[in-house]
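Listed below are the residues making up each chain.
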Amino acid sequence: MAVTTGQVSESAARAARDLRVVFSRLRRRFKDAEGGHELTPSQVAVLSRLGKEGAASASDLAAAERVRPQAVAPILLALEQRGLIRRRADPGDGRRQLVSLTSAGRALFDDSRRAGEEWLARALQEHYTEAERQTLITAIAMLERLPRA
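Residues numbered from 1 in each chain as written. Predicted model: local features only at pLDDT ≥ 70, side-chain atom pairs only at ≥ 80, totals over all residues. Heavy atoms only, no water.

Caption draft 1: The overall build of the chain, seen in detail. Counting its secondary structure elements, the chain contains six helices and five strands. N-terminal to C-terminal, the α/β element order of the chain is β-β-α-α-β-α-α-β-β-α-α. Radius of gyration (C-alpha) of the chain: 19 Å, far over the 15 Å computed for a compact globule of 149 residues. Taking the principal axes of the C-alpha coordinates as reference, the chain spans close to 60 × 40 × 25 Å. When each of the 149 residues of the chain is scored for burial, the buried share is 23%. (Helix = DSSP H or I, 4+ residues; strand = E, 2+ residues; numbered from the N terminus. Rg over C-alpha atoms; globule rule 2.2 N^0.38 Å. Buried < 20%, exposed > 50% of the residue type's maximum accessible area, 1.4 Å probe, protein only.)

Caption draft 2: Structural context of a nonpolar patch on the surface. On the surface, a cluster of nonpolar side chains totalling about 250 Å² of accessible area is made up of Tyr 128, Leu 136 and Ile 140. What makes Ile 140 partly exposed here is its relative accessible area of 47%. (Patch = residues over 30% accessible without salt bridge, like charges linked within 9 Å, V, L, I, M, F, W, Y side chains within 5 Å. Areas by Shrake-Rupley, 256 points an atom, 1.4 Å probe, with all protein chains shown as cover. Salt bridge = Lys/Arg side-chain N within 4 Å of Asp/Glu carboxyl O.)

Caption draft 3: View of the nonpolar core. Within the largest apolar cluster, 17 residues are counted, with the highest numbers of intra-cluster contacts made by Val 46, Leu 50, Leu 61, Leu 76, Leu 79 and Ile 85. Looking at this core, the elements with two or more residues in it are α2 (41–53), α3 (58–65), α4 (69–81), β5 (93–101) and α5 (103–127). Looking at this core element by element, the count peaks at four residues for α4. In this structure, Ile 85 is in contact with Leu 50, Leu 76, Leu 79, Glu 80, Val 99, Ser 100, Leu 101 and Thr 102, ignoring residues within four places of it in sequence. (Core = buried A, V, L, I, M, F, W, Y, C linked by side-chain atoms within 4.5 Å. Contact = heavy atoms within 4.5 Å.)

Caption draft 4: Quick peek at the environment of Gly 6. Relative to the elements of secondary structure, Gly 6 occurs in the loop between β1 (3–4) and β2 (8–9). What makes Gly 6 exposed here is its relative accessible area of 67%.

Caption draft 5: Quick peek at α2. With 13 residues, α2 should reach 18 Å at 1.5 Å per residue; the first-to-last C-alpha distance of 18 Å fits that figure. Three or more residues of α2 are buried, namely Gln 43, Val 46, Leu 47, Leu 50 and Gly 51. With its buried residues spanning 135° around the axis, α2 presents them on a single face. Seen from the buried face of α2, the exposed residues on the opposite side, beyond 90 degrees, are Pro 41, Lys 52 and Glu 53. The positive-phi residue at the C-terminal boundary of α2 is Gly 54, with phi of around 90°. (Expected span 1.5 Å × (residues − 1). Arc of directions from axis to C-beta.)

Caption draft 6: Layout of the packing of aromatic side chains. Using the criterion set out here, one finds one aromatic pair in the structure. Note on Phe 30 and Trp 119: the rings are 5.5 Å apart at their centroids and 75° apart in plane angle, and the pair reads as edge-to-face. With Phe 30 in helix α1 (residues 10–33) and Trp 119 in helix α5, the pair connects residues that are 89 residues apart, well separated along the chain. (Phe/Tyr/Trp six-rings, centres within 6.5 Å; stacked < 30°, edge-to-face > 60°.)

Caption draft 7: Representation of the sheet that holds β5 in the model. Sheet architecture is open: three strands sit in the order β3-β5-β4, paired in antiparallel fashion. Looking along the sheet, the strands with just one partner apiece sit at the ends: β3 (56–57) and β4 (85–90). Where β3 and β5 come together, two bridges link them in antiparallel fashion. Residue Ala 56 lies in a different strand from β5, and its bridge partner there is Val 99. (Pairing = 2+ DSSP bridges.)

Right under this line is the structure:
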């Protein structure tokens, strides 16, 4: 097996390149399938995080998105102005505010997620055999280990 610089095998380097490209393409297709809600990628990321994980402080969101807390303020303001989030005092610390989805924000998150999943399920059904879908399920289980590596 050939080795590239940094002691990474050619197969690992190729897999990394190919996965990055495929994930990038899939992200774009999900965005298309999820509809024209006209949110920025940063707004979608915050909305998604709140939808998946529940209420969070602005500093928690900044840390999760790996941006400075000052960068989250305009994102939250835009989402709040659209009626997608609300802020309330943290019951455990009155100096902090918790941000959560409004019913409109929850509906947008749920609808977008459902549309993306429906697009993907149809595409997998139409373009892959049962055996190929089973292979994908196995590969995805393997990919689940990557974030822990």
